[in-house]
Amino acid sequence: MDSRTTNLLLMGLNHRSAPVEVRERLAFDEDALEPALRRLVDHMVVREGAIVSTCNRVEILACTPDPQAAGEKITTLLAEARHVARPLFEPHLYTRVGKEAVSHLFRVTSSLDSMVVGEPQILGQVKDAYAVSSTLGALGVILHRCFHKSFSVAKRVRSETRIAAKAVSISSAAVDLARSIFDHLDDKTAMVIGAGEMGEQTVKHLQSNGIGTVLVTNRTFARAVELARQCNGTVVPFDQLHRHLHLADVVVGSVGMNGYLLVPAVVDEVLRERKRRPMFFIDLGVPRNFDPRLNDIENVFLYDIDDLEKVIEDNKDEREREAIKAESIIAEEVESFWAWLSSMEVTPTIIALRDRAETIRQKEVEKALASMKDLPPQARQAVEAMSAALMNKLLHPPIAYLKASGRHGAGPEAEGVSTVRRIFGLDEDA
Amino acid sequence: MEIVFLQLAIVFYLLSTGAFFWPLMSPRPLARSLAPGLLCGAFVAHAGAIAVRSLSAGHIAVVESYEAVSFFGCLLAGVCLLVQLRAPVAILGAVVSPLCVVMATGAFVFSTQSRDLPPSLHSVWLPIHVTLAFLGNAVFGVAFSASLVYLLQERQLKSKKGRLSFRRLPSLETLDALNYRVLAWGFALLTLGILTGAVWAEYVWGTFWVWEPRPTLSLVTWVMYALLLHYRTAGWRGRRAAALTIACFIVLVGSFLGVKLIFPGRHGGAFG
């Protein structure tokens, strides 16, 4: 594997490896994505690249002949593009090479790596990231294929296992519990603190079950406004959270933060204000948003994400079977992708085709740049990138053709190879 | 005849106990009306037994201790059925039915010839006073059942070990609201029971109140429930209210049995 000229490298950090303070500083917003991708893909160390950035993770995938150099490049890029000192995030960074990189991408896309396993949003987020990288020409044959494969894997995992049912059942477990406490939901108020994915899903589930009023509060005001608009709710400024808490019968916490947002003393006071009408706290935060001792207060019921999982864990064996099934689907698909990549790698025709293209490209770029000596480095890079993208795109069909013919046995393969070699003049001297 | 009705009632109480407990044990549901239907059958048979005995005795059959227990059980079943018509709390049957099994069986085992009443107690006030007082107690019995189920459900929710079956219990809010409403009804009935007793005492003994164990303990019970209602109105709810409702009912039953067995006064059994 080490002798290969094409390898895959994935570097990143997620909700498990890094605290939110680090994640939020490294996260790329849409505007930052484009320059970063242009910098990442230099067509030498990194031939193809993509960046997936959500509130729970930043993942950078690169197709590279030299994973070590690419890793260095990515780390530098992260530090410089996001203005974060390396020691601050390096310990949280994980690096996956080769098959493991593929496997990681597949697991992320299939939502096996999510904070709430099975939540559906991540697939869309990866698709968006793919679209951005693709439009910018940062992807080549290999990453195109890799991403498409990851989408079909996610689909398979979704349809062949019950993993996806889990995320839904966490919010429906929360609704079931609310119904065990409250008679009618239509005269009740739910407050959602933090506009995270699970919080949003739970509040929408409560709403489709007829909850009367929704209050939304979030540290980022705009995000609260957005969620409030989606579920017809009212926005409460984050710093006035405590003042409005007594209105809420159901409190959903999904804030990414360390330390407890609500402690028993505060809730006790709120309860007195409510004449001890029951309150149901749903803590979806990891780390937890609410002090677990809230549950000891009379007429207060607190469920964190583990409790909810336990509630729905009707059959542990089944859940384990589902997880094993999902992992084995992924392992199978990783193997199949890797076989494709390897076959691509060892096919001499493809190498020859690539080499020929690369030689032409470099020669032409040099020629072009030589005539424009005072071009700024940015423009030079753009020319480089454009030429590489051209080549990649042009080569995609013949290479795909070769791959396809390679899968159809000896006869047509030989035929296909010789056709391509003839068309591109690979057996002549360049 | 009376014995046949009572036996029939016991059999139906047993069957309805099973039917009310079934959904807690098995995931396969029974027909929704089965358990209340059985309890209804038991109530009719039980009422029939009491009616037959009352007719043959010539007065309402609540004079002997076991008669009173049997009468109470019958009313409890009736009130429980009434409440189920108004609120989705079939599960109360799982508390009430076994209690009724015990009470009806007690009546069956200790049944004796009915005793003649002293002429002084022959009065229309007897059925009125007794029925109101016992109806009040039966309603408190339903409040007690609702509180018991409340505590069970509350513990399930707090401990987070709620198995599937317990998630089918009524919501805490339903049980708490029922408890409150039912307490108010019970209190009104108990008050009427005491008032009619006082009026009757004025007729028979020439005084509204005699400081005898039975009426005194009724007054204690009345004060207790008055306090409970007061605190509920002031905003007590949930676990504390449920626990107090249970405590009040235990005192009520204890004082009832204690008076009957230990200090029989002029009121009730010994007719001094």
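Everything below is about the structure shown above.
(A) Quick look at the interface of chain A and chain B. If you look at the interface, chain A gives 25 residues, while chain B gives 18 residues. Taken together, both faces of the contact between chain A and chain B bury some 1800 Å²; the carbon and sulfur share is 46%. On the chain A side of the contact with chain B, A:Ser180, A:Glu298 and A:Phe301 bury the most area, a combined 30% of that side's loss. Among the ionic pairs, B:Arg240 bridges to A:Glu298, the shortest N-O distance being 3.4 Å. Only helix H8 (163-181), strand E10 (300-304) and helix H13 (305-312) of chain A provide two or more residues apiece to the side of chain A that touches chain B. Here the side of chain A that touches chain B takes five residues from H8(A), the largest share from any one element. Classifying every residue of the side of chain A that touches chain B gives ten nonpolar, four polar and eleven charged.

(B) Seen up close, the packing of aromatic side chains. Residues and elements named next belong to chain A. Per the counting criterion, the structure on display carries 15 aromatic pairs over all chains. Judged by centre distance (5.6 Å) and plane angle (80°), the rings of Tyr130 and Phe151 are edge-to-face. Residue Tyr130 is located in helix H6 (residues 121-135), and its partner Phe151 is located in helix H7 (residues 141-160); the two are separated by 21 residues in the primary sequence. What links up through ring pairs into an aromatic cluster is the set Phe106, Phe337 and Trp340.

(C) How the structure looks around the sheet that holds strand E2 (residues 48-53) of chain A. All names here are of chain A. Read from one edge to the other, the open sheet built from four strands follows the order E2-E3-E1-E4, with strand pairing classed as antiparallel. Where the open sheet ends on each side, the last strands, each with one partner, are E2 and strand E4 (94-97). Going across the sheet, the axis of each strand differs from the next one's by a mean of 15°, ignoring polarity. Pairing between E2 and strand E3 (residues 57-64): six bridges, direction antiparallel. Residue pairing in the sheet places Ser53 in a bridge with Val58 of E3.

(D) Expanded view of helix H5 (residues 99-109) of chain A. Those residues of H5(A) that fall on the buried side of the exposure criterion are A:Ala101, A:Val102, A:His104, A:Leu105, A:Phe106, A:Val108 and A:Thr109. A:Ser111, located one to two residues past H5(A), shows a positive phi value of around 70°.

(E) How the structure looks around the layout of surface pockets. Put simply, the largest pocket is a space of about 1300 Å³. In terms of lining, the largest pocket is formed by 41 residues, of which the most central are A:Thr54, A:Cys55, A:Asn56, A:Glu197 and A:Arg223. Elements supplying a minimum of two residues to the lining of the largest pocket: helix H1 (20-26), helix H2 (30-40), E2, H6 and helix H9 (197-208) of chain A. With five residues, the top contributor of residues to the lining of the largest pocket is H6(A). Of the domains in this structure, domain 1 (1-161) and domain 2 (167-306) of chain A are the two that each give at least three residues to the lining of the largest pocket. Roughly 870 Å³ of internal volume is contained in the second largest pocket. What lines the second largest pocket is a set of 34 residues, and nearest its centre among them are B:Pro23, B:Arg32, B:Pro88, B:Ala90 and B:Ile91. Secondary structure elements with two or more residues in the lining of the second largest pocket: helix H1 (2-25), helix H2 (34-57) and helix H3 (65-86) of chain B.

(F) Molecular detail of the pairing of strand E1 (residues 7-14) of chain A. Residues and elements named next belong to chain A. By the criterion of burial, E1 is predominantly enclosed, with eight of the eight residues buried. Of the pairings in the sheet, the one linking E1 to E3 comprises eight bridges and is antiparallel in character. If you follow Asn14 over to E3, its bridge partner there is Arg57. When E1 meets E4, the two strands line up antiparallel, connected through four bridges. Bridge pairing in E4 places Gly12 opposite Tyr94.

(G) Structural detail: the pattern of salt bridges. For the coordinates displayed, the defined rule picks out 37 salt bridges over all chains. A salt bridge links A:Glu384 to A:Arg361; the nearest nitrogen and oxygen atoms lie 3.3 Å apart. A residue pair is termed long-range when its members are at least 10 positions apart, and A:Glu384 in helix H16 (residues 377-406) and A:Arg361 in helix H15 (residues 348-370) qualify at 23 residues. Taking the shortest distance from any N to any O, the salt bridge between B:Arg53 and B:Glu2 comes out at 3.2 Å. Of this pair, B:Arg53 sits in helix H2 while B:Glu2 sits in helix H1, and the two are 51 residues apart along the sequence. Its relative accessible area of 6% is what places B:Arg53 among the buried residues. Residue class for B:Glu2 comes out buried when judged on its relative accessible area of 17%. Members of the salt-bridge network, linked through shared partners, are A:Arg16, A:Arg57, A:Glu59, A:Arg107, A:Asp113 and A:Glu327.

Cut-offs applied
Residues numbered from 1 in each chain as written. Chains lettered and ligands numbered in written order. Predicted model: local features only at pLDDT ≥ 70, side-chain atom pairs only at ≥ 80, totals over all residues. Heavy atoms only, no water. Contact = heavy atoms within 4.5 Å. Buried area = accessible area lost by both parts, 1.4 Å probe. Salt bridge = Lys/Arg side-chain N within 4 Å of Asp/Glu carboxyl O. Helix = DSSP H or I, 4+ residues; strand = E, 2+ residues; numbered from the N terminus. Nonpolar A, V, L, I, M, F, W, Y, C, P; charged D, E, K, R; others polar. Phe/Tyr/Trp six-rings, centres within 6.5 Å; stacked < 30°, edge-to-face > 60°. Pairing = 2+ DSSP bridges. Axes fitted to C-alpha atoms, helices over the stretch in contact; angles between N-to-C directions. Buried < 20%, exposed > 50% of the residue type's maximum accessible area, 1.4 Å probe, protein only. 1 Å grid on protein atoms, 1.4 Å probe; cavity = no way out; pocket = protein on both sides within 12 Å on 5 of 7 lines; lining within 4 Å. Points joined across faces, edges and corners; volume = space filled by probe spheres on them. Domains from an automatic or database assignment.

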